[in-house]
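# Observations on the three-dimensional arrangement
This is what each chain is made of:
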Amino acid sequence: GGQFWQPYDAGTGKVTRPPLDMSSERLRNLAKGLGPAYVRVSGSWANSTYFDATGATGGTPPAGFNAVLTADQWRGVGKFADAVGAEIVTSFPSSPGTRDAEGNWNPDQAQSLLQFSVDNKIPVVAAEMFNEPTLPVGMPANYNAADFARDLAALKPVVKEVDPELKLVGPGSTAERKPLVISSTFTTAEALQATGKAFDVFSYHAYPKVSKRCGSTEGPEIALTQEFLNRVPDDADYYRKLRDQWLPGAPMWVTETAQAACGGDQWASTYRDVIRYVNTLGRLGVGDGDVVFHNTLSASDYGLLDEDGLVPRPNYWAAVLWARLMGPTVHGLEQPVSTEDFAVYAHCTPDGAQEKGMAYAVVNSSETATRTVSTPSGKASVYQLTSDSLDSTSASLNGTVLEVPADGTLPKMSGRAADGAIEIPPATVAFVVDTDAHACS
């Protein structure tokens, strides 16, 4: 619960939300369909949230904080993660309540959260120091890279004492290459220069735009343009160079991304955004331990699930298919795709997949042209994700509308056999599995 973007049909701006019922059978079954996965519990609101391990606050935030996270709520997050086969990534508060008169950060809150997690077997495996420390949200005035390095130095002995296996993720910067409403106050390079090789994982946030809520005048007509589809991959290229310079060999995690910052545009919940979603995963997946965190699971317009009734949106089904078919081993194509509005990404299927072989994510972003593909073996199993219109909030697999019963159990999702040429209609995503691919045997 807390302050977060409300749906457009309820108004604009943020609203106070009640805590999510993470014991919901429907929510848990839907989340299982995305696994294995990380669950990130963070965001701007986390920068000013007090963790109350003992119930001493009675639910009233102490001075310098805006919210309280209770022990029972955090146990609920742990139970949710265990139930869906996930691990937790989080961050710590940075607001005035954590600092002395000179602005020095006190790690007591971080220690309390980590110790409670260890004692209660809550699967926290990684943490960012703060959410977006390069932005002035929940941060002291004039906060800079030297301050960040000093705060991180205060955290490290706590991690060593309480949970030495915890991965430190950072710096978690954003809005640096392209400002998004708020400009960064210091750079990733400055942060990494100040902190040295302190992070186990390099992280950043990337959104291709802000939503209408935050002043964007770009509408759904840009959704399938190459300029729009290339924005997040361009950010990735920028941050990858910094990673290679300062943290060579570290995994690169995009710990927030979605159709648009500020809760997403209304078209974030439609089939139109599936093109961006799959193209982004394809472009960012380079096989070096990279992870992409979608913001969010079930809140506001960019949620994979509609928060009212937990109804899966088209991007949810794309995420399920990606998880089932596109494993962590990435391959280049012998004949790279050169058509500007057509892309193919090749991965070996993951361990445990019902079909073993090479999986191709095929993205036809043309609104007019049908494309044709075939596998090297000539045979394939095809999972074609379509909708009756770009603006629909439902999706079909090989012509059958995808739905779930009340308990959220996923339907059987099988490919159709194909032999020879496979047609990919305009504005369509398909996953094509070649079970005779020797490169993945």
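In case you missed it, the structure is sitting above this.
In every chain, residue numbers begin from 1 and rise along the written sequence. Owing to the predicted nature of the model, reporting of local features is limited to residues with pLDDT of at least 70; listing and counting of side-chain atom pairs is limited to 80 or more, with chain, interface and lining totals taken over all residues. By convention in this description, side-chain values take in all heavy atoms of the structure and omit both hydrogens and water.

### Quick word on the pattern of salt bridges
Quick note on the threshold: We define a salt bridge as a side-chain nitrogen of Lys or Arg found within 4 Å of a carboxyl oxygen belonging to Asp or Glu. Every helix listed is a DSSP run of H or I at least four residues long, and every strand listed is a run of E at least two residues long, numbered separately from the N terminus. Think of it in three bands: residues with accessible area under 20% of the maximum for their type are buried, residues over 50% are exposed, and the middle band is partly exposed, with areas taken using a 1.4 Å probe on protein chains only.
With the rule as written, the count across this model stands at 20 salt bridges. Notably, a salt bridge pairs Arg 213 with Asp 301, separated by 2.5 Å at the nearest N-O pair. Separated by 88 residues along the polypeptide, Arg 213 in the loop between strand E9 (201-205) and helix H6 (226-229) and Asp 301 in the loop between strand E11 (291-294) and strand E12 (305-306) bring together distant segments of the chain. This pair shows no difference in class: Arg 213 is buried, exactly as Asp 301 is. With its nearest N and O atoms 2.6 Å apart, the salt bridge here joins Asp 341 to Arg 371.

### Concerning the state of the cysteines
As a reminder, the rule being used: Count a disulfide wherever a pair of cysteine sulfur atoms falls within 2.5 Å.
Counting across every chain of the model gives two disulfides. One disulfide bridge connects Cys 214 with Cys 262, the sulfur atoms lying 2.0 Å from each other. The disulfide joining Cys 214 to Cys 262 has a torsion of about -100° about its S-S bond and is therefore left-handed. Residue Cys 214 is located in the loop between E9 and H6, and its partner Cys 262 is located in the loop between strand E10 (252-257) and helix H8 (274-284); the two are separated by 48 residues in the primary sequence.

### Observations concerning helix H2 (residues 71-84)
Every α-helical turn comprises 3.6 residues, leaving residues that sit three or four positions apart pointing alike. Put simply, the rule reads: Helix span is expected to be 1.5 Å times the residue number reduced by one.
Between its first and last C-alpha atoms H2 spans 20 Å; for 14 residues at 1.5 Å apiece the expected length is 20 Å, and the two agree. Within H2, the full set of buried residues consists of Ala 71, Trp 74, Val 77, Gly 78, Phe 80, Ala 81 and Val 84.

### Observations concerning the sheet that holds E9
Counted only if it meets this: Two strands are said to pair when DSSP picks up at least two bridges between them. Note on definitions: angles span 0 to 180 degrees between N-to-C directions of axes, and those axes are lines fitted to C-alpha atoms, for helices only across the stretch in contact. Contacts are assigned to residue pairs with any non-hydrogen atoms lying within 4.5 Å of each other.
Spatially, seven strands are ordered E3-E6-E7-E8-E9-E10-E11 in an open sheet, and the strand pairing comes out parallel. Each end of this open sheet is capped by a strand with a single partner; those strands are strand E3 (37-41) and E11. Pairs of neighbouring strands in the sheet enclose a mean axial angle of 25°, with direction left out of account. Taken together, the five bridges between E3 and strand E6 (residues 86-91) define a ladder with parallel strand orientation. Bridge pairing links Tyr 38 to Glu 87 in E6. Its contacts with the sheet place helix H5 (residues 188-195) against strand E8 (167-173) and E9, and it is angled at close to 145° to E8.

### What to know about helix H1 (residues 25-32)
Cut-off, in case you're wondering: For the purposes of these results, a polar contact is taken to be a pair of N or O atoms within 3.5 Å, where, inside protein, one atom must be able to donate a hydrogen and its partner to accept one; residues adjacent in sequence count only when each atom of the pair is a side-chain atom.
Listed as buried for H1 are Arg 26, Leu 27, Asn 29, Leu 30 and Ala 31. The secondary structure elements touched by the buried residues of H1 are H2, E12, strand E13 (311-312) and helix H9 (314-325). At the N-terminal boundary of H1, the capping side chain belongs to Ser 24, with an oxygen 3.4 Å from the backbone nitrogen of Arg 26.

### Observations concerning the pairing of E8
A regular strand places its side chains so that they alternate between the two faces of the sheet. To keep it simple, the criterion reads: When the strands point away from the viewer, a crossover counts as right-handed if the route from the first strand across the helix to the second turns clockwise.
Most of E8 sits inside the fold, with six of its seven residues counted as buried. Note: strand E7 (residues 124-128) against E8, three bridges, orientation parallel. Bridge assignment links Glu 128 to a residue of E8, and that residue is Val 169. Read as a crossover between parallel neighbours, the route from E7 over helix H4 (residues 145-162) to E8 is right-handed. Looking at chain direction, E8 and E9 are connected through four bridges and run parallel. Looking at the pairing, Val 169 lines up with Val 201 of E9. Where the polypeptide runs from E8 across H5 and back to E9, its parallel neighbour, the crossover connection is right-handed.

### Topic: the packing of H5 against helix H7 (residues 231-246)
Applicable threshold: Oblique is the label for any angle not under 35 degrees, not over 145, and not in the 65 to 115 range, which are roughly parallel, roughly antiparallel and roughly perpendicular in turn. Handedness of a crossing is defined here by the sense of rotation of the near helix relative to the far one, left-handed for an anticlockwise turn of less than a right angle and right-handed for a clockwise turn. Polar here means any residue outside two lists: the nonpolar Ala, Val, Leu, Ile, Met, Phe, Trp, Tyr, Cys and Pro, and the charged Asp, Glu, Lys and Arg; Gly therefore counts as polar.
The geometry of H5 relative to H7 is characterised by a closest axis approach of 11 Å and an angle of 15° between their N-to-C directions. Here H5 is positioned roughly parallel relative to H7, judged by the angle of their axes. Relative to H7, the crossing made by H5 is right-handed. Where H5 approaches H7, its residues Thr 188, Ala 189, Leu 192 and Gln 193 are matched on the opposing element by Tyr 239, Leu 242 and Trp 246. Looking at side-chain class alone, the contact of H5 with H7 contains five nonpolar, two polar and no charged residues.

### Examining the side chain of Arg 272
Relative to the assigned elements, Arg 272 resides in the loop between E10 and H8. Judged by relative accessible area, which is 10%, Arg 272 ranks as buried. With residues near it in sequence (within four places) discarded, Arg 272 still touches Pro 220, Ala 223, Leu 224, Trp 267, Leu 390 and Asp 391.

### Some words on the packing of aromatic side chains
Short version of the rule: Working definition: rings of Phe, Tyr and Trp (its six-membered ring) pair if their centres are within 6.5 Å, and the pair is stacked with planes under 30 degrees apart, edge-to-face with planes over 60 apart, and tilted otherwise.
All chains considered together, the criterion is met by 17 aromatic pairs. Ring centres 5.0 Å apart and planes at 40° place the aromatic pair Tyr 38 and Trp 253 in the tilted group. Placement of the pair is Tyr 38 in strand E3 and Trp 253 in strand E10, with a sequence separation of 215 residues. Taking the centre distance of 6.3 Å and the plane angle of 40° together, the rings of Phe 148 and Phe 186 count as tilted. With Phe 148 in helix H4 and Phe 186 in the loop between E8 and H5, the pair connects residues that are 38 residues apart, well separated along the chain. With respect to class, Phe 148 is no different from Phe 186; both count as buried. One aromatic cluster is present, built from ring pairs that chain together Tyr 143, Phe 148, Phe 186 and Phe 199.

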